[in-house]
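Survey of secondary and tertiary structure
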Amino acid sequence: MGDDFWKTKIRITCEEKHGKCSAHKVGDSFVYSHPGGYIQELCPGIQDPAQMWVSLCAARVPSWEADDPNIYRIHCISKKGTVWRIERVTGESTV
């Protein structure tokens, strides 16, 4: 992977909430400063499963999403939890 991979910022945003979640609400959004980053405020129920998809998004691997292959949508580990959108932050990079 090129140097630009490690400079890629990735945004993760809560798009849907299907049950009780005391940690997040729809619209919550966080930005990874690089693909291997960690977001303190993000629940482990989504942080850990998201890591692989954050890396693939940063590497520009197309997703399965028919409406936009540049984004990923994943569900947290709770069967009635939250759905999150993962996407590259365009026009910005870490220095």
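Everything discussed here concerns the structure shown above.
Residues numbered from 1 in each chain as written. Predicted model: local features only at pLDDT ≥ 70, side-chain atom pairs only at ≥ 80, totals over all residues. Heavy atoms only, no water.

So, on to the pattern of salt bridges. Counted by the stated rule, this structure contains 6 salt bridges. Linking Arg 85 and Glu 15 is a salt bridge whose minimum nitrogen-to-oxygen distance equals 3.5 Å. Here Arg 85 is found in strand β4 (residues 82-93), whereas its partner Glu 15 is found in strand β1 (residues 8-17), with 70 residues between them in sequence. Ionic pairing is found between Arg 73 and Asp 67, a salt bridge with its closest N-O pair at 3.1 Å. (Salt bridge = Lys/Arg side-chain N within 4 Å of Asp/Glu carboxyl O. Helix = DSSP H or I, 4+ residues; strand = E, 2+ residues; numbered from the N terminus.)

So, on to the side chain of Gln 47. Turning to its location among the elements, Gln 47 is positioned in helix α2 (residues 44-58). A residue is classified by how much of its surface remains accessible, and Gln 47, at 3% relative accessible area, is buried. For Gln 47, the side chain forms a polar contact with the side chain of Tyr 32, separated by 3.4 Å. Only 2.6 Å separates the side chain of Gln 47 from the backbone oxygen of Ile 39, close enough to count as a polar contact. When sequence neighbours within four positions are dropped, the list of residues in contact with Gln 47 reads Tyr 32, Tyr 38, Ile 39 and Leu 42. (Buried < 20%, exposed > 50% of the residue type's maximum accessible area, 1.4 Å probe, protein only. Polar contact = N/O pair within 3.5 Å; in protein donor to acceptor, adjacent residues only side chain to side chain. Contact = heavy atoms within 4.5 Å.)

With that settled, the discussion passes to α2. For α2, built from 15 residues, the straight-helix expectation of 21 Å at 1.5 Å per residue is met to within 8% by its first-to-last C-alpha distance of 20 Å. The sharpest bend along α2 comes to roughly 45 degrees, located at Ala 50. Among the residues of α2, those classed as buried are Gly 45, Ile 46, Gln 47, Ala 50, Val 54, Cys 57 and Ala 58. Following α2 by one or two positions, Arg 60 adopts a phi angle in the positive range, close to 65 degrees. (Expected span 1.5 Å × (residues − 1). Bend = angle between axes of the 7 residues up to and from the residue.)

Two faces belong to every sheet, and in a regular strand the side chains alternate between them. Side-chain alternation along strand β2 (residues 29-32) places Phe 30 and Tyr 32 on a buried face and Ser 29 and Val 31 on a face that remains uncovered. Pairing geometry for β1 and β2, over 4 bridges, is antiparallel. Across the sheet, the residue bridging to Ile 12 is Phe 30, located in β2. (Pairing = 2+ DSSP bridges.)

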